[in-house]
Amino acid sequence: MLKLIKWNSLHLRINRQILFPASSLVFSNSTVSAAKLDSHEPTVITTSISPNDPNPSDPVRDIVADLKNLGFRRFIGENYIRDFDDLRLNESQVDRIFDCLRTESPDVAVQLFHWLRNVYGFKHSRYSSFVVSHVLAGKKRFEELRFVLEQMLQEEGSDSAPSLCELLLNSFRDWGSNSEVCDMLAFVYSRSEMVHDALFVLAKMKDLNLKVSIQTYNSLLYNLRYTDIVWDLYHEIKVNATPQSVYTTSILIDGLCQQSRVQNAVLFLQETAGEEFGPSVVSFNTIMSRCCKLGFTEAAKALVCMMLKYGLHPDAYSYNILIHGLCVAGSMEEALEFTNDMQKHGVKPDTLTYHILAKGFHLLGQMTGAWEIIQKMLVKGLNPDLVTYTALICGHCQIGNIEEGLRLREEMLSQGIPLNAISYSVLLSCLCKSGQVDEALRLFNEMETAGLNADLVTYSILIHGLCKQEKVQKAIQLYDEMCSKRIYPNSFTHSAILLGMSENEMMSEARMYFDALTMGDLTQDIILYNIMIDGYVKFGNIGEALQLYNQLIEKRITPSIVTFNSLIYGLCKNGKVAEARRWLLENIMLHGLEPSTVTYTILMNAYCEEGNMHCLFELLEEMRAKAIGPSHITYTVVIKGLCKQWKLQEAIRLLEDMYAEGLTPDQITYNTIIQCFCKAKDIKTAFQLHEEMLLHKLEPTPVTYNILINGLCLYGDLKDADNLLFSLQKSDISLTKVAYTTIIKAHCVKGDVDKAVVYFRHMVEKGFEISIRDYSSVINRLCKRCLISEAKSFFCMMLSDGYRPDQHICEVICNAFHQGGDISSMFELAVGMIKSGLVPDKFMRK
């Protein structure tokens, strides 16, 4: 039934200079009512029937007559509308109006239909909608027909096909355009994803031998392409000899490909060869795309040959699919070859082609190749877009080349290409990882100035970076800012704050923050517990760590192997190795966890420190029995244990075993064994191990050279130590202060003060922080060797360098002067000490 709708008055000009509202046509639930002209009451459109007409009870005839005679525009816009009180039109009369107009004035019927709906929001009956649909079908106005039926189905909804079909078959069976209306109805049902309704209409059309268009079939094929019903429909198309379109085959092939039935897709393609709408470039592209996604690049290349065999020419999309597949597979040379082949066949590489190639080089970490592709783009007159630049920035940042990433950002901005949130996030992450947090914050401000809203990821990156740089207060400030913007932190953000606090010895603040979190909905987050337990362990508070472990057990939170690794480390650090091993055997197994390589390595290192090699090797065998592979750190611990027992040849053999098992020793491994050989006075083997490091492209650390220089100074030739240090300085190899203090100490012991002074000056020039203790150390050694004049010279150098002596160093040199009989120098120094407030009482008594 039709709903009463009131509308605001839109007044129209009439001959008698009386204003009637154009919105006066109002339909009630069962009728169209006429009301008197009133600002609050609805009125109706009337006809030109005279007030004195003896039979005004059925106005349909007059309305239809006026519409035919005047035309639609004059009927609604001029003085042919008069007011009749109590005039009412029921639904059947409205339907009769359209029924009369559809044969005599079909265009007026359509205009009136749309006018009533669009201006008054009038809901037409099913019958009226179908009448107008047949008018539109008869005039081949199929777009309007589709629109009318779409509006009707929006109101009717799903499962309405049976009742609508019944109306069509009962009231419109003999209408000439019924076939087109039924077909469009099925099409609209399919387009609206009411597939069961569409199939119902199709079944009724089949019973009446009505023709179904290929557009309707294609729409249903598309919706059903992942089901077996699709083949029943396709068989129906073949049986009915319905002319197929270029999309029919493509839809079926897409369905097969989406189900990864690539072989079936190829067979179907071959079966349709020779038909009017057989294999197309689109169909081949679909199969090629699926092959590449499944990693079958060879099959994709074969499809290009098949395409050419059928007389089809690959387009840019075809080549881009294949080039992308080869890039993902890492076959960049082949991808470049197909790019050249593309150009030979007259298909120009587009921006997407170059973007795919650039991304391929980026995936392999070959940023030089990616940049060359960009240069080719520029030569071809194609400018890199945001996607290309973003891929390049990501690539450079992934390999740690932040400078190039920032240069690309500058290039983008100079070309008027604004960065997106992804580009900024990648740059921020790389800057934070490289410790350039201040630059990251500047870039963050630029991002916000550019109108890009920072999200949770962006804030989390910065908070994590600030915490790593010990700028916890700034991180908390950013955290508060994020929350004020209703960006709610996740586990990663909370972890960053907690980690930052714990690593910066702010355990009390970390505990307060942690307690606040665990009172909320994050109580199940084992990561937060692990951070806190690890923090307590590192600062030696194993009691608090165990208390937190008991808390999470009470809350029935499942601990992870990381939880146990931290606790085992803490127990070992406190000398409770036996208790730590019980945890390994009991608690870990109790929670259904398996000890990891890290778990065993922590325990083995504890046994190594105790010198308990029996238990160490016992654990190593247990690891192998459980198929838990040792890491290079595990082997380093074992090597350290062997070195402690002076089993140097066994340590060498274990080093060889590491390479045999595919494990690469690190600098700590080599430093451990080199130091042991130096202590054993086997300097030759120590240097052979150093050469082996270089052979394996393992860069020695400053600690490596400290060990070697110390070995030469203690157990070798001091000249060799001088030569090594000179060679390292010449090669601009980074050294620590220890290397210089070691060789200075050796020359002082030998009595070669001039060399000691030279190295001391080198140490100062290198920018190392020099303290009074460095001078004191040299003076002490010179005094012990009774090199008084040399000690005095070094003392004077210290004074000239602006370092004020402390009481200890003054007492040492005063005592040396006294023992050497240089009383005048002793009293001179004593006077200076008194003036400085350093009173040498015992020397004044001597």
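Residues numbered from 1 in each chain as written. Predicted model: local features only at pLDDT ≥ 70, side-chain atom pairs only at ≥ 80, totals over all residues. Heavy atoms only, no water.

Sorry, what's going on with the overall build of the chain here?
A tally of helices and strands in the chain yields 47 helices and five strands. For the chain, the proportion of its 846 residues judged to be buried stands at 50%. Here the contacts in the chain between residues at least 6 apart in sequence split such that 60% fall between residues at least 24 apart. Of the roughly 42100 Å² that the chain leaves accessible, carbon and sulfur atoms contribute 52%. (Helix = DSSP H or I, 4+ residues; strand = E, 2+ residues; numbered from the N terminus. Buried < 20%, exposed > 50% of the residue type's maximum accessible area, 1.4 Å probe, protein only. Contact = heavy atoms within 4.5 Å. Areas by Shrake-Rupley, 256 points an atom, 1.4 Å probe, with all protein chains shown as cover.)

Quick question: what am I supposed to make of the side chain of Thr458 here?
With respect to the helices and strands, the residue Thr458 is situated in helix H24 (residues 456-468). Ignoring anything within four residues of it in the chain, the contact list for Thr458 reads Ser425, Leu428, Phe444 and Met447.

Is there a simple way to explain helix H11 (residues 229-239) in this structure?
An α-helical segment advances 3.6 residues per turn. Residues three or four places apart therefore align on the same side. Burial in H11 covers these residues: Val230, Leu233, Tyr234, Glu236 and Ile237. Considered in projection along H11, the buried side chains sweep an arc of 155° and stay on one side of the axis. Facing away from the buried surface of H11 by more than 90 degrees, the exposed residues are Asp232, His235 and Val239. Against the buried residues of H11 lie helix H9 (195-207), helix H10 (214-223), helix H12 (246-258) and helix H13 (262-271). Where H11 terminates, the next one or two residues include Ala241, which has phi positive at roughly 55°. (Arc of directions from axis to C-beta.)

What is the right way to look at a nonpolar patch on the surface in this model?
Taken together, the side chains of Val246, Tyr247 and Phe277 make up a nonpolar region of the molecular surface, amounting to roughly 290 Å² of accessible area. Judged by relative accessible area, Tyr247 falls into the exposed class, the value being 58%. (Patch = residues over 30% accessible without salt bridge, like charges linked within 9 Å, V, L, I, M, F, W, Y side chains within 5 Å. Salt bridge = Lys/Arg side-chain N within 4 Å of Asp/Glu carboxyl O.)

How should helix H38 (residues 683-695) be read in this particular structure?
Taking 1.5 Å per residue as the helical rise, H38 with its 13 residues ought to reach 18 Å, and the 18 Å between its terminal C-alpha atoms agrees with that figure. Those residues of H38 not exposed but buried are Ile683, Thr685, Ala686, Leu689, His690 and Met693. Taken around the axis of H38, the buried residues stretch over an arc of 165°, which confines them to a single face. Exposed side of H38, more than 90 degrees from the buried face: Lys684 and Leu695 are the residues found there. Turning to H38, the residues buried within the fold contact helix H36 (648-660), helix H37 (667-679) and helix H39 (702-715). Phi turns positive, to about 55°, at Lys697, one or two residues after H38. (Expected span 1.5 Å × (residues − 1).)

Could you clarify how one ought to interpret the pattern of salt bridges in this entry?
Two side chains with opposite charge may pair up if their charged atoms get near one another. Throughout the structure, instances matching the rule amount to 30 salt bridges. Note that Asp515 is salt-bridged to Arg511, the shortest N-O span being 3.1 Å. Here Arg511 and Asp515 lie together in helix H27 (residues 507-518), a separation of four residues that amounts to about one turn. Residue Arg511 is classed as buried on the basis of its relative accessible area of 14%.

Which parts of the structure should I look at to understand unusual backbone geometry?
Backbone geometry follows two general trends: most residues other than glycine have a negative phi, and most peptide bonds adopt the trans configuration. A positive phi angle is found at Asp159, which is not glycine, with a value near 65°. Topologically, Asp159 is positioned in the loop between helix H6 (142-156) and helix H7 (161-171). Not every positive phi belongs to a glycine, and Lys681 is a case in point at roughly 65°. Note on placement: Lys681 falls in the loop between H37 and H38. A relative accessible area of 58% places Lys681 in the exposed class.

What should I look at first to understand the side chain of Asp95 in this one?
For Asp95, the position within the fold is in helix H3 (residues 91-104). One buried charged side chain, Asp95, makes no salt bridge at all; its nearest oppositely charged neighbour is Arg96, positioned 9.6 Å away. The contacts of Asp95, once residues within four sequence positions are left out, are Ser125, Tyr127 and Ser128. (Lys, Arg positive; Asp, Glu negative; His and termini not counted.)

Just to check I follow, could you spell out the packing of aromatic side chains for this structure?
Aromatic ring pairs are reported here in terms of the distance separating the ring centres and the angle at which the planes meet. Overall, the coordinates contain 13 aromatic pairs when judged by the stated rule. Their ring planes at 90° and their centres at 6.2 Å tell us that Trp231 and Tyr234 sit as a pair that is edge-to-face. Of the two residues, Trp231 and Tyr234 are both situated in helix H11; the distance of three residues between them amounts to about one turn of the helix. Look at Trp231 and you get partly exposed, because its relative accessible area is 27%. (Phe/Tyr/Trp six-rings, centres within 6.5 Å; stacked < 30°, edge-to-face > 60°.)

Any chance you could explain the packing of H37 against H39 here in plain terms?
Between two packed helices, the angle of one axis relative to the other and the distance separating the axes together describe the packing. The N-to-C vectors of H37 and H39 enclose an angle of 5°; their axes lie 9 Å apart at closest approach. As the angle between them shows, H37 and H39 are arranged roughly parallel. Only Val703, Thr704, Ile707, Leu708, Gly711 and Tyr715 of H39 make contact with H37, whose side of the interface consists of Asn671, Ile674, Gln675, Cys678 and Lys679. Its residues assigned to classes, the contact of H37 with H39 shows six nonpolar, four polar and one charged. (Axes fitted to C-alpha atoms, helices over the stretch in contact; angles between N-to-C directions. Parallel < 35°, antiparallel > 145°, perpendicular 65-115°, else oblique. Nonpolar A, V, L, I, M, F, W, Y, C, P; charged D, E, K, R; others polar.)

Sorry, what's going on with the packing of H12 against helix H14 (residues 281-293) here?
Between H12 and H14, the least distance of the axes is 9 Å, while the angle of their chain directions is 5°. Viewed along their axes, H12 and H14 adopt a mutual orientation that is roughly parallel. Across from Thr249, Ser250, Ile253, Asp254, Cys257 and Gln258 in H12, the residues of H14 making contact are Val282, Ser283, Thr286, Ile287 and Arg290. For the contact of H12 with H14, the class distribution of residues is four nonpolar, five polar and two charged.

Which parts of the structure should I look at to understand the environment of Pro702?
Along the chain, Pro702 falls in helix H39. According to the relative accessible area criterion, Pro702 is partly exposed, its value standing at 26%. Along the chain, Pro702 and Lys737 lie 35 residues apart, while their C-alpha atoms are 9.6 Å from each other. Those residues in contact with Pro702, other than ones at most four positions away along the chain, are Ser734, Leu735 and Thr736.

What exactly am I supposed to notice about the state of the cysteines here?
Note: disulfide means a covalent bond formed between the sulfur atoms of two cysteine side chains. The full count for this structure, using the stated rule, is zero disulfides. Cysteine Cys643 remains unbridged, with the sulfur of Cys676 as its closest cysteine sulfur at 3.8 Å. (Disulfide = S-S within 2.5 Å.)

I tried to follow the environment of Ser250 on my own but got confused; where do I start?
Relative to the helices and strands, Ser250 is located in helix H12. Note: C-alpha distance between Ser250 and Val282 (32 residues apart in sequence) is 6.6 Å. If we skip the residues at most four places from it in the chain, Ser250 touches Ser280, Val282 and Ser283. Within the structure, Ser250 has its side chain in polar contact with the side chain of Ser283 (distance 3.2 Å). (Polar contact = N/O pair within 3.5 Å; in protein donor to acceptor, adjacent residues only side chain to side chain.)

I keep staring at the confidence of the model for the chain and nothing clicks. Help me out?
Model confidence for the chain is summarised by a mean pLDDT of 79, while 85% of its residues fall at 70 or above. Low confidence marks residues 79-87, where pLDDT is under 50. Its contacts with residues over four positions away, or in another chain, come to 39 contacts. (pLDDT = per-residue confidence, 0-100.)

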